[in-house]
2 protein chains.
Amino acid sequence: MKVLGIIAEYNPFHNGHMYHLKSSLELIDPDYTIVAMSGHFTQRGEAAIIDKWERAEMALKNGVDIVVELPAAYSSQTAELFAYGGVQLLNHTGVVTHISFGSEIGQIQPLAEIARILADEPPPFKALLKQYLDQGLSFPQARHRAIKEHAKRSGLGFSESQWEKIINSSNSILAIEYLKALYRTNSSIIPVTIQRIGAPYNAQEMSGEVSSATAIRNELLRQKCWDSISRAMPQASFKILKCAVESGKGPVTNSSLEQLLLGKIRSMPLEEIKHLMDVDEGLENRIKECALKAATLDEFMALAKTRRYVYTRLQRILIHALLGITRERVERFRRAGGPQYLRILGFSKRAIPLLKQLKQNARVPIITKAAHYHRILESPVAREMFDIDVLATNLYSLGIPDPRYRRGNRDFTEKIRIV
Amino acid sequence: MKVLGIIAEYNPFHNGHMYHLKSSLELIDPDYTIVAMSGHFTQRGEAAIIDKWERAEMALKNGVDIVVELPAAYSSQTAELFAYGGVQLLNHTGVVTHISFGSEIGQIQPLAEIARILADEPPPFKALLKQYLDQGLSFPQARHRAIKEHAKRSGLGFSESQWEKIINSSNSILAIEYLKALYRTNSSIIPVTIQRIGAPYNAQEMSGEVSSATAIRNELLRQKCWDSISRAMPQASFKILKCAVESGKGPVTNSSLEQLLLGKIRSMPLEEIKHLMDVDEGLENRIKECALKAATLDEFMALAKTRRYVYTRLQRILIHALLGITRERVERFRRAGGPQYLRILGFSKRAIPLLKQLKQNARVPIITKAAHYHRILESPVAREMFDIDVLATNLYSLGIPDPRYRRGNRDFTEKIRIV
């Protein structure tokens, strides 16, 4: 049995995702597809535009068989941790045989080579890295140069155009991290990459049938031209998005949580901010100071941002503050082997045999009814991780436009989506 | 030199306050008047309708000479602690000779007798209290009966109508607490009471020239009929209120802080809620549960309220959660002797000689420029108390209608008001 695994956010599910899914199905021809999807907070440190159940349904309606939630402790993290969390979640299923991800280059070989260099850090590579850093380059710049030079010297050279496609794209960075995680976890899952089409990952503007999720969210938040959004999404997922927005379940953004986010940082002692994931030496002062100076979240971001402390990193730190994600907790989760459960958000009826397989093979507990999580999750670390997901939902809900959906504990009251 | 002290909230300053101030001036004929005023959170556990600087200015424009801030650690507390904080603040000035407060009864003697019984708790009173409690009466009911019976037996009997005026009014309850605090702190300040006129303290509806502050706030939040509000306030303070509201500085209510309040409780572990001031056995569970169930703050209050856990108590607990006011901190402040500084919000130019007197006689440091508080406040407990005031302002600001006023650290940027 072949089971395809995909790591995604589907925020929201659009034509680019559809293309990736279809191409993967054609190439791999799996019996089933499982998606590990971010819950309420995404890799860029943002509240998801609509809730995780709606987004899971989007995927199911477009042919995915099971959607499992990437725990919040991994979903709003840097590419490396996000990818590790996603890959381990797929490893833990015990049934996923293939993984497919997008990349600009569309070839697995050069990505795998870079991943291996980064995972192993061979001494010649490290020496090159040190040399470039000593020349005063920033860490990402130095690393890029060191990889390129190391690959050339080792006879793994890439052509200039290949290289350009690799380094100038968020997707390839994620692809490399997926490959690194597969390699490091000694995974038996076979990686496949699909060349991305259309708009770049974080393009701001709509561009016809294949627009980025960022562009679709911007369109929704600014002009809200349903026609142009409709062109960029499969109809099934467009309907879900439109209906969710019209009923007041969305859109949700970090600005919807402005009072909570600014209030949280204003309330937190420096000593606590310091221990949050991604806060390195002295950044706690800057964050606190800017949260006091700023009247709005936008102003906070504008004040706090520097070349070194980019938007996404600051956004992630705000989410870490909100959810109490400290370095120490992340380290504890890492020692425990990453995601500690498979929380199923939804499945298609045709996936029932796969669910049985999953129950037999999964290496971590499966949660279908969250109300029982205390019984299902025996280890304290698993419960700690799940408590973060519950908190994420309870705080995310406070940013939903219609107050009717702001009630807490939706993790225990929302039904699993069956399509 | 005679200096009149008043403990107030002026939320907002209205004709009833004006009447009380004028009557006190006539009766006592002091050289100066100092008011100890709640900052951003009030005795009923509510965000003040406009900020403390605007409210201080209202008092100054109406004849008060100096306004000092009652620290937030004391302002949103039960009558007993609120009164203790206010009285100690006046004691600490070293210059206040008289205190005047309103009461329905308008006579100091019976109030002082009750205060003394409550402060001393003589054995016969305790026995009566126990007897009524054993009969199944609630604590306030049993205490009322025990006081009345004890007073009668000791020959301090009140007439029925006096008694009715005492027990059925929030102001008399506060008056008794002021007297208790004066007695317990062995204060040399002479108490005077002015009979209240017009609307009861917490009347909900406007009633002409003397309306309660509650009624004025309700009017402002609901119909916003400036004409009827204008009739209930001295013109100088009406202008300040109207201008503040029109410029977007107010109105602020607990609902303005809904996301922060619900989010705070949703985020707090039960163990932490348990340690908050006013949370007694098991109440932490109810509070947490209701904050999860409720979609709005109003819904939270409706769900959480019982005969035992009244609105004001629940509101206070929310504010304690927001500001981190635990039983342990309150106890530490009590051991340190209550308010640890005199933070001056504003003064009238004619009070400059009084300010000099204050500097010579005050038993705690005087803060006129908060930026220097670290130098001025030597004791850690004083700084801890002041940090709560700063936090109160920083979180209160997030609820101000116009985002321009949501910037933090206004305690360090707003100028002292000089009238």
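Thresholds, definitions, all that
Here the residue numbers are simple positions, counted from 1 along each chain's written sequence. The naming scheme follows written order: chains are lettered A onward, ligands numbered 1 onward. Where local features are concerned, this predicted model is filtered to residues with pLDDT of at least 70; where side-chain atom pairs are given and counted, the filter is 80 or more; whole-chain, interface and lining totals use all residues. For the side-chain quantities, the full set of heavy atoms in the structure was used; hydrogens and water were omitted. Here, a salt bridge means any Lys or Arg side-chain nitrogen found within 4 Å of an Asp or Glu carboxyl oxygen. In DSSP terms, a helix is any run of H or I states spanning at least four residues, a strand is any run of E spanning at least two, and both are numbered starting from the N terminus. Think of it in three bands: with a 1.4 Å probe and only protein chains considered, a residue is buried below 20% of the maximum accessible area for its type, exposed above 50%, and partly exposed in between. Contacts are assigned to residue pairs that have any heavy atoms within 4.5 Å of one another. When two components associate, each loses some accessible surface as probed by a 1.4 Å sphere; the sum of these losses over both components is called the buried area. Two N or O atoms count as a polar contact when they lie within 3.5 Å, although within protein this holds only if one can serve as hydrogen donor and the other as acceptor, and sequence-adjacent residues are included solely when both atoms are side-chain atoms. Ten residues, namely Ala, Val, Leu, Ile, Met, Phe, Trp, Tyr, Cys and Pro, are considered nonpolar, four, namely Asp, Glu, Lys and Arg, are considered charged, and the remaining ones, Gly among them, are considered polar. Throughout, the edges of the domains are those of an automatic or database domain assignment. In this analysis, rings of Phe, Tyr and Trp, with Trp reduced to its six-membered ring, are considered paired at centre separations within 6.5 Å, and the interplanar angle assigns stacked below 30 degrees, edge-to-face beyond 60, and tilted for intermediate values. Fitted lines through C-alpha atoms serve as axes, helices being fitted only where they are in contact, and the angles separating the N-to-C directions of these axes extend from 0 to 180 degrees. Each angle gets one of four labels, with under 35 degrees taken as roughly parallel, over 145 as roughly antiparallel, 65 to 115 as roughly perpendicular, and the rest as oblique. Note on convention: the crossing is left-handed when the near helix lies turned anticlockwise from the far helix by less than a right angle, right-handed when the turn is clockwise. When the copies are overlaid, the least-squares fit takes in C-alpha atoms only where the residue has pLDDT of at least 70 in both copies.

Section: the pattern of salt bridges
Two side chains bearing opposite charge may form a pair once their charged atoms approach each other closely. All names here are of chain B. A full pass over the atoms with the stated rule returns 65 salt bridges over all chains. A salt bridge links Asp 51 to Arg 410; the shortest N-O distance between them is 2.9 Å. Within this pair, whereas Asp 51 is found in the loop between strand 2 (32-38) and helix 2 (52-61), its partner Arg 410 is found in helix 22 (residues 410-413), the two being separated by 359 residues in sequence. When its relative accessible area of 2% is taken as the criterion, Asp 51 is described as buried. A relative accessible area of 5% means that Arg 410 is categorised as buried. Of the charged contacts, one joins Arg 350 and Asp 65 as a salt bridge, the two residues approaching to 2.6 Å between their closest N and O atoms. Here the residue Arg 350 occupies a position in the loop between strand 6 (342-347) and helix 19 (352-361), and Asp 65 occupies one in the loop between helix 2 and strand 3 (66-70), the gap between them amounting to 285 residues.

Side note on the interface of chain B and chain A
The interface of chain B with chain A comprises 26 residues on the first partner and 26 residues on the second. Carbon and sulfur atoms make up 51% of the area that chain B and chain A hide from each other, which totals about 2100 Å². Linking chain B with chain A are 4 salt bridges. A salt bridge links Glu 258 of chain B to Arg 406 of chain A; the shortest N-O distance between them is 3.7 Å. Summed over the shared surface of chain B and chain A, the result is 17 residue pairs in polar contact (both at pLDDT 80 or more). Every element with two or more residues in the side of chain B that touches chain A is listed here: helix 13 (258-267), helix 15 (283-293) and helix 21 (380-396) of chain B. A per-element tally of the side of chain B that touches chain A places helix 13 of chain B first, with 7 residues. Broken down by class, the residue content of the side of chain B that touches chain A amounts to 10 nonpolar, 10 polar and 6 charged.

As for the domain arrangement of chain A
Residue and element names in this part refer to chain A. As far as domains go, chain A holds domain 1 (3-106 + 175-252 + 334-418), domain 2 (108-168) and domain 3 (254-331). Between domain 1 and domain 2, the C-alpha centre-to-centre distance is 31 Å. When domain 1 packs against domain 2, close to 1200 Å² is buried across both sides, 75% of that on carbon and sulfur atoms. When the buried area of domain 1 at its contact with domain 2 is split by residue, Ile 105, Ile 176 and Tyr 183 rank highest and sum to 52% of it. Counting across the domain 1 and domain 2 interface gives 0 salt bridges. The interface formed by domain 1 and domain 2 holds 1 residue pair in polar contact (both at pLDDT 80 or more) in total. Listing elements by their share of the side of domain 1 that touches domain 2, those giving two or more residues are strand 4 (98-103), helix 9 (170-184) and strand 5 (190-195). Sorting elements by how many residues they give to the side of domain 1 that touches domain 2 places helix 9 first, with 6 residues.

Notes on the environment of Tyr 396 of chain A
Residues and elements named next belong to chain A. Tracing the backbone through its elements, the reader meets Tyr 396 in helix 21 (residues 380-396). Take Tyr 396: its relative accessible area is 0%, and that puts it in the buried class. Not counting residues up to four positions away in its chain, the partners in contact with Tyr 396 are His 40, Phe 41, Ala 47, Ala 48, Ile 49, Ile 50, Asp 51, Val 252 and Leu 257. Within the structure, Tyr 396 has its side chain in polar contact with the backbone oxygen of Ala 48 (distance 2.7 Å).

Details of the packing of aromatic side chains
All names here are of chain B. Tallying each qualifying case throughout the model produces 16 aromatic pairs over all chains. Geometrically, the ring pair formed by Tyr 10 and Phe 13 is edge-to-face, given 4.6 Å between the ring centres and 65 degrees between the ring planes. The buried category is assigned to Tyr 10, whose relative accessible area is 2%. For Phe 13, a relative accessible area of 0% gives the class buried. Where Phe 41 meets Tyr 396, the ring centres are 6.1 Å apart and the plane angle is 90 degrees; that geometry is what we call edge-to-face. Of this pair, Phe 41 sits in the loop between strand 2 and helix 2 while Tyr 396 sits in helix 21; the two residues are 355 residues apart in sequence, bridging distant segments of the chain. Here the two residues Phe 41 and Tyr 396 agree in accessibility, since each one is buried.

Structural notes on the packing of helix 15 of chain B against helix 16 (residues 297-304) of chain B
Residue and element names in this part refer to chain B. Contact pair helix 15 / helix 16: the axes reach a minimum separation of 9 Å and the direction vectors enclose 140 degrees. Between helix 15 and helix 16, the angle falls in the class oblique. When the axes of helix 15 and helix 16 are compared, the crossing they make is right-handed. Note on element contacts: helix 16 touches helix 15 through Glu 299, Phe 300, Leu 303 and Ala 304, opposite Arg 286, Ile 287, Cys 290, Ala 291 and Lys 293. Grouping the amino acids of the contact of helix 15 with helix 16 by side-chain chemistry returns 6 nonpolar, no polar and 3 charged.

Focus: helix 13 (residues 258-267) of chain A
Because an α-helix packs 3.6 residues into every turn, residues spaced three or four apart end up facing the same way. When you tally the buried positions in helix 13 of chain A, you get 8 out of 10 residues, the bulk of the element. Taken together, the buried positions of helix 13 of chain A are occupied by Glu 258, Gln 259, Leu 260, Leu 261, Leu 262, Gly 263, Ile 265 and Arg 266 of chain A.

Section: the relation of the copies chain B and chain A
Rotating chain B by 180 degrees and moving it 0.0 Å along the rotation axis overlays it on chain A with an RMSD of 0.0 Å. Both copies of the chain, as the preceding transformation shows, are related through a two-fold rotation axis. Relative to the rotation axis, the closest C-alpha in chain B is found at Leu 260 of chain B, a distance of 2.5 Å. The fraction of interface residues of chain B whose copies in chain A are also interface residues reaches 100%, indicating that both copies meet through the same surface.

What about the side chain of Thr 393 of chain A?
Residues and elements named next belong to chain A. With respect to the helices and strands, Thr 393 occurs in helix 21. Judged by relative accessible area, Thr 393 falls into the buried class, the value being 0%. For Thr 393, the side chain forms a polar contact with the side chain of Lys 52, separated by 3.4 Å. Setting aside residues no more than four positions away along its own chain, Thr 393 makes contact with His 40, Lys 52, Trp 53, Arg 410 and Asp 411.

Details of the side chain of Ser 100 of chain A
Residue and element names in this part refer to chain A. Turning to its location among the elements, Ser 100 is positioned in strand 4. A polar side-chain atom of Ser 100 sits 3.0 Å from a polar atom in the side chain of His 20. Aside from chain neighbours lying at most four places away, what touches Ser 100 is Leu 4, Gly 5, Ile 6, His 20, Ser 24, Ile 28, Val 192 and Ile 194.

Focus: helix 2 (residues 52-61) of chain A
All names here are of chain A. Buried residues dominate helix 2, accounting for 9 of its 10 residues. Among the residues of helix 2, those classed as buried are Lys 52, Trp 53, Glu 54, Arg 55, Ala 56, Glu 57, Met 58, Ala 59 and Leu 60. Capping of helix 2 at its N-terminal end is provided by Asp 51; its side-chain oxygen lies 2.9 Å from the backbone amide nitrogen of Trp 53. Directly after helix 2, the chain includes Gly 63, whose backbone phi takes a positive value near 115 degrees.

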